Amino acid sequence: MPKMPSEKREEQYLKEREKFFETLPKLNRRQFLKAAMASAAVVLAKNQFPPHSFQLVEAVEAKQGKVEVKFRFAYISDTHLYERKLNERFVRAALKAVEDVNALDPQPDFVLFGGDLAQLGQAEELKLGKEILSQLKAKLYMMVGEHDWYLDLGEKWLELFGQNLPKGSYGWYSFDHKGVHFIVLNSVIVEDYWTESKMTPMERMKFMAQLDNPKGRPFTVGKGYLGDGQIRWLKEDLAKVSKDTPIVVFSHSPLYKYYKPWNFWTDDAEDVQALLRPFKNVTVIHGHTHQPVFNRIGNINFYGMLSTAWPWPYAPTGLPKLTIKMNRADPFDQFDGTGDGTVEVLANGKANKIYNLWSREPMVVTARYLESGGKEEVPPVPVDPSF
Amino acid sequence: MLKKFSLIIPLIILGIFFSGKDSLATKGDKNSKDDKKVITACDGATQVVLNDVAKNEVMTREKAQEVASMLLATYQQQKKYQSSKFTRRDSLIWERELKAMIEEGYKWFHDPSLGTNGISCDMCHPDAADTHPETYPKFQIQLKKIALLRDMINWCIENPMEGQPLKEDDPRMKAMEAYIIWARANQDPRPHAKILNPGKR
């Protein structure tokens, strides 16, 4: 019988492993680390066995000088709730995230909700979401997503969550926390597609809710039906902040251009990026993409958030180069590929992101990984390739 | 003038002679088409080229009968082929039928009424992404058996969508299969979406 490719690979792996352990006792510390790194590299290159299985811990800890963590905040995003009587599944997932965050010890300084609390923007859905999130022990900051907005153009959402917004704001605001300036945007504004076609509110909502809608309109910050108010506000807001203050921006859509057919996209992303360019440390945390996705453009580090409801496949093109793709989620496990997460803000103003994937090892993506162009602090590459 | 030609012609003949047999043969082949007898049928299109009859040669009666039979057979064969050929109208009809089935599939793929909890297929599979129809049949580890695409469609309807499975010959099932296969092959530019790969995990 000829050997199947998998059998050949396994045989080779066992051979290499044996050789590796044979040479181990003969090494001094320096050579030992070198061998450990090499072994890890072999495993990574093969993509066949989990890197944890024999990557030596010491190799990771040998990295010099860790920067102190100044504070942490947590996030929950994209819960896509229906009414409870219609769909328990997504309610379970949202509650799981709340439990997760409440179990963090020490507690995060605050929790950001990343948008798409509701699936179809209905009052019952938004109220259910508010009720679930009210169980959080830490302070909550809300951001809006398109699923919350397009049934009534934000009316109910603003009523429930918009009490402390600045004048003239449709969901955008900023706050300061321990020397870091936080900005929350409403990045899901599109041009008016409903008036001329005389859509009912529910038709408008469903048009927007369909990710693969071939007629879908691209998200913007300051070019949609609300005009450029948000961009003008952002300019004024940033004018008050010194250039070495670390900035963290929350946006529902990615503030860059990833894949237009699914609206993984902000049409005027460059305008926002330009306003953020003069600042030394800028991090953008976005929802909407339901997957581990990370990017660096100029001075800005971008991290996508996980959804609690379902993971989205990676788009066929346009994926940021620095992203390490999560391998395909197991559809038989409701919680695979979904989760919540935390962000560590470091003393030097950088931010690291921890993806708390519910059915997998957590994935840590550091600012250093992004800023080294993917050369340092590389997160573990998944066992199987993403499809 | 004549004097010049009488000099050039022997030179050419000499040249041919010295350039060898091969080039002579090639030259002969090139000219052969013109030399051979071509008989055209009364339809003005069907032709036979006779290799063994020179252009100006008059054929014997037997030979002429043989050629005529050959011409008739060729004509009949071509006609038979043409009658099985489809017209542009045919292909437009087929295209429209296919499009209608794919669109029907698209409709159901985006319809939460297959389930009971508001979820529709496209919510996890925009543009039918991550459905990989090209990998079926395959051993579906979680089901512990060989699955076809329709088994997984039904699995999704029963589980995440909390609905009733469709019969295998349900027109909605067939239409969704048509949409999924079409969407993957036409909307995903990556090569693996276009290559059959049964058994791939």
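Look a little higher up for the structure.
Model, not experiment: these values are computed from the prediction.

(A) Representation of the overall build of chain A in the model. When helices and strands are tallied, chain A shows eleven helices and 14 strands. Expressed as a percentage of contacts within chain A between residues at least 6 apart in sequence, the contacts between residues at least 24 apart total 69%.

(B) Broad picture of the overall build of chain B. If you tally the helices and strands in chain B, you get seven helices and four strands. Relative to its full complement of 201 residues, chain B shows a buried share of 19%. Pairs at least 24 residues apart make up 53% of the contacts formed inside chain B by residues separated by at least 6 positions.

(C) Region of the structure containing the interface of chain B and chain A. Taken together, the contacts link 16 residues of chain B with 18 residues of chain A. Per-element tally for the side of chain B that touches chain A: the top contributor is helix H5 (residues 121-124) of chain B, with three residues. Across the side of chain B that touches chain A, the residue classes tally to six nonpolar, five polar and five charged.

(D) Main features of the pairing of strand E12 (residues 339-346) of chain A. All names here are of chain A. The buried fraction of E12 is high, at seven of eight residues. The pairing of strand E1 (residues 69-76) with E12 spans six bridges and is antiparallel. Residue pairing across strands places Ala 74 opposite Thr 342, the latter belonging to E12. By the bridge criterion, seven bridges tie E12 to strand E13 (residues 351-357) in an arrangement that is antiparallel. Bridging across to E13, Thr 342 finds its partner in Ile 354. Here E12 folds back onto E13 in antiparallel fashion, the turn holding four residues, of which Gly 349 has a positive phi close to 90°.

(E) Local environment of unusual backbone geometry. Cis peptide bonds are those with omega within 30 degrees of zero, and the linkage from A:Asp105 to A:Pro106 qualifies with 5°. Structurally, A:Pro106 can be placed in the loop between helix H4 (89-102) and strand E2 (110-113). In this model, B:Tyr136 is joined to B:Pro137 through a cis peptide bond whose omega is 0°. Not every positive phi belongs to a glycine, and A:His80 is a case in point at roughly 50°. Along the polypeptide, A:His80 turns up in the loop between E1 and H4. Given 28 C-beta atoms within 10 Å, A:His80 falls into the buried group.

(F) Here's a closer look at the sheet that holds E1(A). Residues and elements named next belong to chain A. Strand order in this open sheet of six strands is E3-E2-E1-E12-E13-E14, and the pairing throughout is mixed. At either end of the open sheet lies a strand with only one pairing partner, and these are strand E3 (139-142) and strand E14 (363-365). Neighbour to neighbour, the strand axes of the sheet diverge by 25° on average, direction disregarded. As paired strands, E1 and E2 are joined by three bridges and run parallel to one another.

(G) Examining the sheet that holds strand E6 (residues 247-251) of chain A more closely. All names here are of chain A. Spatially, E4-E5-E6-E9-E11-E10 is the arrangement adopted by the six strands of the open sheet, whose pairing is mixed. Only two strands of the sheet have a single neighbouring strand rather than two, namely strand E4 (173-177) and strand E10 (294-297). Each strand of the sheet is rotated relative to its neighbour by a mean of 20°, with strand direction disregarded. Inspection of the sheet shows strand E9 (residues 282-286) paired to strand E11 (residues 300-304) by five bridges, in the parallel sense. When the sheet's bridge partners are listed, Thr 283 is paired in E11 with Asn 301.

(H) Spatial organisation of helix H7 (residues 171-187) of chain B. Residue and element names in this part refer to chain B. For H7, spanning 17 residues, the distance from its first C-alpha to its last is 23 Å, which sits close to the expected 24 Å at 1.5 Å a residue. Listed as buried for H7 are Met 173, Ala 175, Met 176, Tyr 179, Ile 180, Ala 183 and Arg 184. Down the axis of H7, the sector holding all buried residues measures 160°, keeping them to one side. Turning to H7, the residues buried within the fold contact helix H4 (88-109) and helix H6 (149-158).

(I) Main features of helix H9 (residues 229-239) of chain A. Residues and elements named next belong to chain A. For H9, every residue scored as buried is listed here: Gln 230, Trp 233 and Leu 234. All buried residues of H9 lie within an arc of 100° about the axis, which places them on one face of the element. Exposed side chains of H9 directed beyond 90 degrees from the buried face belong to Arg 232, Glu 236 and Ala 239.

(J) Looking closely at the environment of A:Asn301. All names here are of chain A. Along the chain, Asn 301 turns up in strand E11. Under the C-beta neighbour-count criterion, Asn 301 is labelled buried, with 26 such atoms within 10 Å. Spatially, the C-alpha atom of Asn 301 lies 19 Å from that of Ser 77, the residues being 224 residues apart in sequence. The residues touching Asn 301, leaving out its near neighbours within four places in the chain, are Thr 283, Arg 296, Ala 351, Ala 367 and Leu 370.

So, how was this worked out
- Residue positions within a chain follow its written sequence, with the count starting from 1.
- Naming scheme: in the order in which they are written, chains are lettered from A and ligands are numbered from 1.
- For this predicted model, a pLDDT threshold of at least 70 governs which residues receive local features, and a threshold of 80 or more governs which side-chain atom pairs are given and counted, while totals over whole chains, interfaces and linings are taken from all residues.
- Under the scheme used here, helices are H or I runs from DSSP no shorter than 4 residues and strands are E runs no shorter than 2 residues, and both carry numbers assigned from the N terminus.
- Here, residues touch in the contact sense if the C-beta positions derived from the backbone fall within 7 Å of one another.
- For every residue, the other C-beta atoms within 10 Å of its own C-beta are counted; 20 or more classify it as buried, 12 or fewer as exposed, and values in between as partly exposed. C-beta atoms are placed from the backbone.
- Under the convention adopted here, Pro, Cys and the residues Ala, Val, Leu, Ile, Met, Phe, Trp and Tyr are nonpolar, Asp, Glu, Lys and Arg are charged, and Gly plus all remaining residues are polar.
- At least two bridges found by DSSP between two strands are what make those strands a pair.
- Axis definition: a line fitted to C-alpha atoms, over the contacting stretch in the case of helices. Angles run 0 to 180 degrees between N-to-C directions.
- One fewer than the residue count of a helix, multiplied by 1.5 Å, yields its expected span.
- Here the arc refers to the directions that run from the helix axis out to each C-beta atom.

The quantities given are spatial measurements derived from coordinates; they are silent on function.
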